[in-house]
Amino acid sequence: EVQEGEISAELKQITGFADKFDFTVENYVLENQRLWEAARNASAVYLMMGLDMLLITVILLANLMTAEMETDRRRLGVLQAIGMTGGQYVRGQSLQALLLGLAGLLLAHILMAAVVCTGFLLQGGGIPMLVVRLRLLFQGDAWQTHGLLCVAALALFWSIQVLAIRPVLRKNIAENIKE
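The sections below set out a description of the structure shown in this document. Computed from a prediction, not measured in an experiment: that's the story for all the values here.

## Quick notes on the side chain of Arg133
- Take Arg133: it is sitting in helix H5 (residues 126-137).
- Within the structure, Arg133 has its side chain in polar contact with the side chain of Gln123 (distance 3.2 Å).
- What Arg133 contacts, discounting residues up to four positions off in sequence, is Phe120, Gln123 and Gly124.

As structure tokens, this is what we get:
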């Protein structure tokens with residue numbers, strides 16, 4: 001039995017044979033471990049970059065929606081004056097946020113599909129190889145996770161919209177119309 005870190009007699013014999021006839025013997029188990037470790041490290045970096053981009057996007061989106069609500073305050077005041085309730089306004093804004101979020105997700109998916117297809121085509125092999133690569137891409141369970149992330153993005157977009165509305169709804173009609 002060989003202890004960890006020791007070389008077995010068979011491996012010594014194989015490496016000796018390889019040295020004698022001038023060729024290389026690879027340990028695919030170790031190479032696969034190195035490859036997985038490198039992939040895990042790269043995935044961690046990509047995850048952190050993605051989370052950073054998400055945080056920046058959320059901050060920019062919150063600022064944009066808050067600024068939009070401040071400029072839309074007068075219209076809200078007029079709508080409140082003619083009888084619209086805060087709940088009705090929130091429902092309308094929620095629908096708008098949902099539709100904008102769906103449009104944004106659709107546009108993002110179209111752009112990503114264009115980038116992925118272009119990248120695959122630039123790798124060579126033409127349309128037949130593109131079809132093969134796309135079939136490989138669409139295998140597996142990652143799409144369930146992707147769907148959940150899309151739903152989470154819509155929920156995040158909606159919650160930012162609702163949070164931007166709240167300070168405006170807290171003010172009375174006169175303050176909203178005046179400003």
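There is more to say, and it comes next.
## Quick word on the nonpolar core
- In terms of nonpolar packing, the biggest core is built from eleven residues, these being Leu61, Met65, Met69, Leu76, Tyr89, Ala97, Phe157, Ile160, Ala164, Ile165 and Val168.
- For this core, the elements supplying multiple residues, two or more each, are helix H2 (28-71), helix H4 (86-122) and helix H6 (142-170).
- Of the residues forming this core, the biggest block, five residues, is contributed by H6.

## A few points about the packing of H4 against H6
- Packing of H4 against H6 leaves a shortest axis separation of 9 Å and a crossing angle of 145°. Along this stretch, H4 crosses H6, giving a crossing that reads as right-handed. Residues Gly86, Tyr89, Val90, Gln93, Ser94, Ala97, Leu98, Leu100, Gly101, Leu102, Leu105 and His109 of H4 form the contact with H6, whose own contacting residues are His146, Cys150, Leu154, Phe157, Trp158, Gln161, Val162, Ile165 and Leu169.
- Class assignment of the residues belonging to the contact of H4 with H6 gives a composition of 14 nonpolar, seven polar and no charged.

## With respect to the packing of H4 against H5
- Viewed as axis vectors pointing N to C, H4 and H5 meet at an angle of 125°, and their least axial separation amounts to 9 Å. By the criterion of interaxial angle, the relationship of H4 to H5 is oblique. The element H4 and its partner H5 pack so that their crossing is right-handed. Counting all contacts with H4, which are made through Val116, Cys117, Phe120 and Leu121, the residues of H5 involved are Gly126, Ile127, Leu130, Arg133, Leu134 and Leu137.

## Let's talk about unusual backbone geometry
- In the Ramachandran plot, Asp22 falls in the positive-phi region, its phi being about 55° despite a non-glycine side chain.
- One can find Asp22 in the loop between helix H1 (9-20) and H2.

## Here we look at the packing of aromatic side chains
- Scanning all chains against the criterion turns up two aromatic pairs.
- For the pair Phe17 and Phe21, a centre-to-centre distance of 4.7 Å together with 50° between the ring planes defines the contact as tilted.
- A relative accessible area of 47% places Phe17 in the partly exposed class.
- Here Phe17 and Phe23 contribute two aromatic rings whose centre-to-centre distance is 5.9 Å and whose plane-to-plane angle is 75°, an arrangement assigned as edge-to-face.
- Overall, the relative accessible area of 39% leaves Phe23 in the partly exposed class.
- What links up through ring pairs into an aromatic cluster is the set Phe17, Phe21 and Phe23.

## Observations regarding the pattern of salt bridges
- Under the criterion given, the structure shown has three salt bridges.
- A salt bridge links Glu70 to Arg73, with the nearest nitrogen and oxygen atoms 2.8 Å apart.
- A residue is classified by how much of its surface remains accessible, and Glu70, at 38% relative accessible area, is partly exposed.

So, how was this worked out
Residues numbered from 1 in each chain as written. Predicted model: local features only at pLDDT ≥ 70, side-chain atom pairs only at ≥ 80, totals over all residues. Heavy atoms only, no water. Helix = DSSP H or I, 4+ residues; strand = E, 2+ residues; numbered from the N terminus. Polar contact = N/O pair within 3.5 Å; in protein donor to acceptor, adjacent residues only side chain to side chain. Contact = heavy atoms within 4.5 Å. Core = buried A, V, L, I, M, F, W, Y, C linked by side-chain atoms within 4.5 Å. Buried < 20%, exposed > 50% of the residue type's maximum accessible area, 1.4 Å probe, protein only. Axes fitted to C-alpha atoms, helices over the stretch in contact; angles between N-to-C directions. Left-handed = near helix turned anticlockwise from the far one by under 90°. Nonpolar A, V, L, I, M, F, W, Y, C, P; charged D, E, K, R; others polar. Parallel < 35°, antiparallel > 145°, perpendicular 65-115°, else oblique. Phe/Tyr/Trp six-rings, centres within 6.5 Å; stacked < 30°, edge-to-face > 60°. Salt bridge = Lys/Arg side-chain N within 4 Å of Asp/Glu carboxyl O.

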